[in-house]
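# Structural characterization, general
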Amino acid sequence: YFRSDLFSLPEAEHVIVHEFGHIVDLGGLQSADFFQKSVFVDGHIPLFVDDPSVDFYQISWKKNDQWNRGSSKKDFVSGYAATDPFEDFAESFLLYQREGETFHALAQRNDRLQEKYDFFRDHVFGGEEFRGKPVVISMNDRPWDATKMK
């Protein structure tokens, strides 16, 4: 049976949306040019320069394990998002879809987060924005894991 004392239903929903973000990132957004590899790889699988996800990654990432010069923890929606570009995408996808007002509020105070928010609005969700009651989080004290926001 479902042990709500270990894992809340809102948290479970957030985990599912986070994992769906990985599916959108690596399966839903596709390259048309399969010849010019980018510096980003998923395991041993290269992502190509015209893959829309690469545009997202390049907002904060130089390569899989290196932030762009001038990037800081404040440029990520959570601590986990700052660990690699794929988690950055999935955590940002989750926050955009499930806590859109919170993401929007953070984006108003950070240019890189604004770029990420705009990417999801324009390239993933076709202009749709998800708004509701924001979860209050500090620009300086982000949660490690966005699935815990509720």
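Attention in this report is confined to the structure presented alongside it. (Residues numbered from 1 in each chain as written. Predicted model: local features only at pLDDT ≥ 70, side-chain atom pairs only at ≥ 80, totals over all residues. Heavy atoms only, no water.)

## Topic: the pairing of strand β2 (residues 45-48)
Here strand β1 (residues 37-42) pairs with β2 via three bridges, running antiparallel. Each residue of the ladder has a partner; that of D42, found in β2, is I45. (Pairing = 2+ DSSP bridges. Helix = DSSP H or I, 4+ residues; strand = E, 2+ residues; numbered from the N terminus.)

## Considerations on the nonpolar core
Ranked by internal contacts, the top residues of the largest apolar core, which has 29 residues, are F56, Y57, F89, F93, Y96, F103 and F120. Secondary-structure elements contributing two or more residues to this core are α1 (9-28), α2 (52-57), α3 (85-98), α4 (100-107) and α5 (111-124). If you tally residues by element for this core, the top one is α3, at six residues. Those residues in contact with F120 that sit more than four places away from it in its chain are F56, F89, S92, F93, Y96, F103 and F125. (Core = buried A, V, L, I, M, F, W, Y, C linked by side-chain atoms within 4.5 Å. Buried < 20%, exposed > 50% of the residue type's maximum accessible area, 1.4 Å probe, protein only. Contact = heavy atoms within 4.5 Å.)

## Quick word on the pattern of salt bridges
Going through the model one piece at a time under the given rule, you end up with five salt bridges. With a closest N to O distance of 3.0 Å, E13 and R98 form a salt bridge. In this pair, E13 is assigned in helix α1 and R98 in helix α3, connecting sequence segments 85 residues apart. For E13, a relative accessible area of 33% gives the class partly exposed. Ionic pairing is found between D75 and R112, a salt bridge with its closest N-O pair at 3.1 Å. Remark: R112 occurs in helix α5 and D75 occurs in the loop between β4 (66-67) and α3; sequence separation between them is 37 residues. By relative accessible area, D75 is classed as buried at 6%. (Salt bridge = Lys/Arg side-chain N within 4 Å of Asp/Glu carboxyl O.)

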